[in-house]
Amino acid sequence: MSELLDKFACDLKEAWGLEKIPSAGTRELSLGTRLDKKSRADLHSAVRQKFPFLVTVTKDNEMIVKGNADYRELCQLVTEKEASDFFKFLDAKLENSTFSFEPDGNKEHRKLVHHFLNRKFGKLLETKSFTVTDVNDQPNMSITVRFREKCGSRKRSAGGFQEKQDVYTAFTLQKENLETLEAIGLLAAELDVLPSDFSYTGIKDKKAITFQPMVVKKVSPERLKEIGNKIEKKGMRIYNIRSTYQHLRLGQLKGNHFDIVVRDLQQHSHDSSADLKKRISEAMENVQTKGFVNYYGPQRFGQGQIVQTDQIGLALLSEKMVEAVKLFFTPEDTDDPVNNAKRYFLQTEDAKGTLVMLPEFKVREKMLLQALNRYGVNHEGCTKGWLNIPHSLRIFYVHAYCSKIWNEAASYRLKIYGLKVVEGDLVLSEENDKSISLNDKVHVVTASEESAKKYSIYQVVLPMVGHSIKYPSNKVGQWYRERLSKDELEMCKFRVSPLQLNIPGCYRLILKNVQNLSYFLEGGEKGIKIEDNHLNDLKVSLHISFDLDPSCYATVLNVKRVSLGYLLGPILFNAFVSSLDKGMEFTFMDSAGDTRLRDQMDIVEDQAAAQGNRDMLKGQASRNHMTFSKNKCKVLPVGRKHPCSSPGWGAALQEWLQEPGGWPNMSELCALAAQMTKSLLECVSRGTTIRGHALQPIGSDLDSSRRK
């Protein structure tokens, strides 16, 4: 057998040298049947160590030898000796061992070798170029290869105790005006660890003072305490530092607690029907008893950004990797280091130059650019780029798209059926048996159950799109199919294999309630609570505290049925729709301060209608090629009945609608908006504060709507 193997190896090498022989790459040699597994393993290793250019496979206990195509490809990049030594290193799999290629001063050639090794063995190996001294005692660069550390692996001694165990340190992170991932990037830089060494239960808002549990790997409690003073200067504090034994998982929490302060509350001058305290009491009781539509909040989608996260998620689901990268690097209309770097990358596709321009805390951007610098800005390179960021971040964008579809589905469901539970709706069983699959816990409402009013709207769920969910068997199910078809996802399997993304889907209740809701009023002097009813002449603040279940958003919880933190869009559309009802469920500007708001928005159907209005306006803006800064356009306290509204505004628009074409052109609409801007801005004199962050009134920063 040894002679046959030697002859096969020599013949194969000779055939490889003669490129025109078509059978060179398909030759095989059978080594016979080996029933014993250990015998097969020993023979596999012996063959590969003696002939690194061969590979061995087993088919039904029969061992077969054939040429190693990867060996042959590597020989096109390095010497045959280097290729042979590399594959011997690869087969030996010795722990903590490394292999170095010969020094190579050609950067482009090293990039090709890196590219090959990562493409073929990226899950097993990691590579890096180091400065070495060559045979002439001159500094040069060499590629070094080592085996990746196996996640969660543990070695045990004969006594069963762990010889090697990662160190985990738990702590509570307080941050202000920082995204969670930005904070992690800053902490990682201070501690000299990777961002992926941090684990957390969820993403917290940027524009708030937030507290969240975290766990960092490979850092001792003592080391974490040392950086306390440094990170305070960057808007962070750490508390409750202690040792732990494992990392955290996304969603591993019971809920979130919120403390919100609304400052300088005043009674509307045109609302004399009740005192302020009574109005607040009514609003709180309304929220407590009726709950709210369980929408995903605007921060889920990147509030105020030109490109929102759901757009990136759609590109990833469609496997448009280059488009997803370019959407990711789309800059905002501001002049700062981060957006200047993004703008430079889109103009030049110079990943290396962009890396130099970006601040250290932009972790995701740097991870992506490092791969793009190595593999190029093409489909394969962009795929590698997305794989270079942690799985939890990759899937975040896809989940954002799924969340957007859920929000739209909830609005549609409430618009056509209201609060009534109808045939074909889905309700979720409260059964806690983990052996029962999620789909088996979902029940489709029958006609008899609808007639008997067996279920409450608080039990109705809608699916988050994925490959393992069922859809309602009524008009809502048909809406899902049409909506996915609109985005060309009607055939989507919700698995993105190149990015190792799997989206099974889940179910989410349409309505939710708050827990532990409490509030009090505070006078002009901090700390003085107001108990009497004489509030109308005082400047007071409303302090609200409540708990929400995981994945519920305070930004969609309506107090007095005005969404906290919801931005209504460009001033042009605000003023326009305040006087024009065409195509609207009710006057859109009512949600910015009209007295009719309490009546119209007290029921969930009207909340859904208002959401639909916003969606319609967004589409109108897109069709007219309008852009605006959402961060600078805040809620205007101007409605049709407000003293600052202009009767001539609506009349002028109605005249336009009667003209041929039925719609003003963009220049005419902008001109009319300009006439109204001054009077509208004079009406806005105060902002609203949420935990110390003011929603500033519109002022000189107003961005005019304009043609792209």
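Anything mentioned here points back to the structure above.
Procedures and definitions
Residues numbered from 1 in each chain as written. Predicted model: local features only at pLDDT ≥ 70, side-chain atom pairs only at ≥ 80, totals over all residues. Heavy atoms only, no water. Core = buried A, V, L, I, M, F, W, Y, C linked by side-chain atoms within 4.5 Å. Buried < 20%, exposed > 50% of the residue type's maximum accessible area, 1.4 Å probe, protein only. Helix = DSSP H or I, 4+ residues; strand = E, 2+ residues; numbered from the N terminus. Contact = heavy atoms within 4.5 Å. Pairing = 2+ DSSP bridges. Axes fitted to C-alpha atoms, helices over the stretch in contact; angles between N-to-C directions. Expected span 1.5 Å × (residues − 1). Polar contact = N/O pair within 3.5 Å; in protein donor to acceptor, adjacent residues only side chain to side chain.

1. Details of the nonpolar core
Ranked by size, the top nonpolar core spans 84 residues in total, and within it F171, F198, I312, L316, L372, W386 and Y480 carry the most contacts. Take this core: its biggest share by element is 12 residues, from helix α16 (residues 391-417). Not counting residues within four places of it along the chain, the set of residues in contact with L316 comprises M321, A324, W386, R394, Y397, V398, V496 and L499.

2. Considerations on helix α10 (residues 309-317)
Across the 9 residues of α10, 7 count as buried, placing the element largely inside the fold. All of the buried residues in α10 are T309, D310, I312, G313, A315, L316 and L317. Turning to α10, the residues buried within the fold contact α11 (321-328), α15 (379-387), α16 and β16 (495-496). Phi for E319, located one or two positions after α10, is positive at around 55°.

3. A closer look at the sheet that holds strand β3 (residues 62-67)
Taken together, 3 strands build an open sheet; the order of strands is β1-β3-β2 and the sheet is antiparallel. The sheet is open, and its two borders are formed by β1 (28-33) and β2 (54-59), each paired with just one other strand. If you compare each strand with its neighbour and ignore which way they point, the axes differ by 25° on average. Pairing between β2 and β3: 6 bridges, direction antiparallel.

4. Digging into helix α5 (residues 107-121)
Residues that lie three or four places apart on an α-helix share one face, since the helix turns once every 3.6 residues. Along its 15 residues, α5 runs 21 Å from first to last C-alpha, staying within 8% of the 21 Å computed at 1.5 Å per residue. Looking at α5, one finds that the buried residues are R110, V113, H114, H115, F116, L117, N118 and F121. Packing partners of the buried residues in α5 comprise α3 (69-74), α4 (80-92), β5 (125-133), β6 (139-147), α14 (363-375) and α15. By the N-cap criterion, in which a side-chain oxygen at the helix start approaches the backbone nitrogen of a residue two or three places on, α5 is capped by N106, the distance to E108 being 3.1 Å.

5. Structural notes on the pairing of strand β9 (residues 209-217)
In this sheet, β9 lies alongside strand β7 (residues 168-176) in antiparallel orientation, the contact comprising 9 bridges. Residue pairing across strands places F171 opposite M214, the latter belonging to β9. In this structure, strand β8 (residues 198-200) lies alongside β9, joined through 3 bridges in antiparallel fashion. Following the sheet pairing, Y200 is matched in β9 by M214.

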